[in-house]
Amino acid sequence: MNTTETIHEEQSFSMPRIGDKAPEFKAVTTQGDINYPSDYKGKWSILFSHPADFTPVCTSEFITFAHLEEKFEKANCSLIGLSIDGLYSHIAWLRTIKDKIEFNGMKNIEVKFPLIEDISMEVAKKYGMIQPGESKTQAVRAVFFVDPNETVRAIIYYPLSLGRNFDELYRALIAMQTADKFNVATPADWNPGDDVIVSPAGSCGVAEERMTSSEDLDCKDWFFCTKKLNKDLVLDTILKK
Ligand code: BEZ
């Protein structure tokens, strides 16, 4: 491959990184046209891709996402799906899901969030959703968390064969919102009500202070301090009434 081809290949399969501004695009969706991310300014959004309409793993994911949509909206987060299929395929698939498919006790599920048609792969390529080693013609299961300032905050990728864990997607969203609102970090497997991590000491003085402080900190060492954060306070702060 010559240099020009390499550059072209890199450009056509670019991928935003955590901390980047979410790349802009206009798209046709099952809920009308959208301008992303500007239509979602002031809200969190999860932009996710799936390989194809009328496939079983994707169908189970769409039923689950649609079932949870209200829960995500309560956390000020909109859902937006995408695949490299056309609008009429999307519409037919979503109708079939509603009319015929039951999954994990969920049935008669209407997908009300937008599903982007991306036959040109323009958006999928912009967001690195095409991973040629996995498939050159289908998007992998990518998940982009974008915050109210239009910044990419987390990215999770799954291969074609693996359905996503929706508890984890919701947990990640709430954990990032908690980190922002309370200026803390969240340890492994954190869920609301669990202790949170106090940001590491930035100086020797602060490290010393931490160890002797009367503040409600539990310091195992100068760099590892946790504190309680009440579950109701977290949920009341984050979730819409
Ligand atoms: C599925 O959604 O079932 C699927 C899609 C592409 C490859 C493998 C599975």
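Just so you know, these numbers come straight off a predicted model, no measurement behind them.

Asker: Just to check I follow, could you spell out the site of the ligand for this structure?
Answerer: Near the ligand the following residues occur: P51, T55, P56, V57, C58, Q138, R141 and L160. Contacts to the ligand include R141, whose side-chain N or O atom sits 3.0 Å from an oxygen atom. Bound to the protein, the ligand loses 78% of the 260 Å² it would expose on its own. When residues of the shell around the ligand are assigned to their parent elements, the largest contribution, 3 residues, is made by helix 2 (residues 56–74). Along the lines of polarity and charge, the residues of the shell around the ligand split into 5 nonpolar, 2 polar and 1 charged.

Asker: Explain the domain arrangement of the chain to me, please; I cannot follow it from the model alone.
Answerer: Where interface size is quoted, it is often the accessible area lost as the parts come together. On domain assignment, one finds that the chain holds domain 1 (3–163) and domain 2 (183–238). If you average the C-alpha positions of domain 1 and of domain 2, the two centres end up 35 Å apart.

Asker: Help me understand the sheet that holds strand 8 (residues 184–185) in this model?
Answerer: Remark on secondary structure: sheet strands pair via backbone hydrogen bonds, oriented parallel or antiparallel. Read across the sheet, 4 strands follow the order 8-9-11-10 without closing on themselves; strand pairing throughout is antiparallel. Of all the strands in the sheet, the pair left with one neighbour each is strand 8 and strand 10 (218–221). Judged from the 3 bridges that link them, strand 10 and strand 11 (residues 224–227) form a sheet pairing that is antiparallel. Among the inter-strand pairings, C219 is bridged to a residue of strand 11, identified as C225.

Asker: Would you mind showing me how to read the side chain of T29 here?
Answerer: Considering the arrangement of structural elements, one finds T29 in strand 1 (residues 25–29). A polar contact of 2.8 Å, which involves the side chain of T29, links it to the backbone nitrogen of Q31. In terms of polar contacts, T29 uses its side chain to reach the backbone carbonyl oxygen of G32, at 2.6 Å. With residues up to four places along the chain from it excluded, the contact list for T29 reads I34, L87, P114, L115 and I116.

Asker: What exactly am I supposed to notice about the environment of D216 here?
Answerer: Tracing the backbone through its elements, the reader meets D216 in the loop between helix 6 (204–212) and strand 10. Classification of D216 as exposed rests on a relative accessible area of 69%. Distance from D216 to T226, taken between C-alpha atoms, is 8.8 Å for residues 10 residues apart in sequence. Ignoring anything within four residues of it in the chain, the contact list for D216 reads T226 and K227.

Asker: It is not clear to me how the packing of aromatic side chains should be interpreted in this structure. Could you clarify?
Answerer: Within a pair of aromatic rings, the relevant descriptors are the distance that separates the centres and the angle that separates the planes. Overall, the coordinates contain 16 aromatic pairs when judged by the stated rule. Between F72 and Y170, the ring centres sit 5.4 Å apart and the planes meet at 90°, which makes this aromatic pair edge-to-face. With F72 in helix 2 and Y170 in helix 5 (residues 166–182), this residue pair connects regions lying 98 residues apart in the sequence. The exposure class assigned to Y170 is buried, which follows from its relative accessible area of 16%.

Asker: What exactly am I supposed to notice about the nonpolar core here?
Answerer: A general tendency of soluble globular proteins is for nonpolar side chains to be buried together. Grouped together as the largest cluster of nonpolar side chains are 40 residues, with contacts concentrated most on I46, F62, F65, F72, F145 and L169. Counting residues per element, the ones that place at least two in this core are strand 3 (44–49), helix 2, strand 4 (77–83), helix 3 (87–100), strand 6 (141–146), strand 7 (152–158), helix 5 and helix 7 (231–238). With 8 residues, helix 5 is the single largest residue contributor to this core. When residues of this core are assigned to domains, at least three map to each of domain 1 (3–163) and domain 2 (183–238). With residues near it in sequence (within four places) discarded, F72 still touches I46, F65, C77, L79, F166, L169, Y170 and L173. Ranked by size, the runner-up nonpolar core spans 22 residues in total, among them A27, Y40, I130 and A139.

Asker: What am I meant to see in the pairing of strand 2 (residues 32–36) here?
Answerer: The side chains of a regular strand alternate between both faces of the sheet. By the bridge criterion, 5 bridges tie strand 1 to strand 2 in an arrangement that is antiparallel. For K26, the partnering residue across the bridge sits in strand 2 and is N35. The turn linking strand 1 back onto strand 2 is made up of 2 residues.

Asker: For this particular structure, what's the right way to read helix 3?
Answerer: Since the α-helix turns once every 3.6 residues, residues separated by three or four places project in the same direction. Taking 1.5 Å of rise per residue, 14 residues should cover 20 Å, and helix 3 covers 20 Å from first to last C-alpha, within 8% of that figure. Where helix 3 is buried, its residues meet strand 1, helix 2, strand 4 and strand 5 (115–117).

Rules of the game
- Residues numbered from 1 in each chain as written.
- Predicted model: local features only at pLDDT ≥ 70, side-chain atom pairs only at ≥ 80, totals over all residues.
- Heavy atoms only, no water.
- Near = heavy atom within 4 Å.
- Polar contact = N/O pair within 3.5 Å; in protein donor to acceptor, adjacent residues only side chain to side chain.
- Areas by Shrake-Rupley, 256 points an atom, 1.4 Å probe, with all protein chains shown as cover.
- Helix = DSSP H or I, 4+ residues; strand = E, 2+ residues; numbered from the N terminus.
- Nonpolar A, V, L, I, M, F, W, Y, C, P; charged D, E, K, R; others polar.
- Domains from an automatic or database assignment.
- Pairing = 2+ DSSP bridges.
- Contact = heavy atoms within 4.5 Å.
- Buried < 20%, exposed > 50% of the residue type's maximum accessible area, 1.4 Å probe, protein only.
- Phe/Tyr/Trp six-rings, centres within 6.5 Å; stacked < 30°, edge-to-face > 60°.
- Core = buried A, V, L, I, M, F, W, Y, C linked by side-chain atoms within 4.5 Å.
- Expected span 1.5 Å × (residues − 1).

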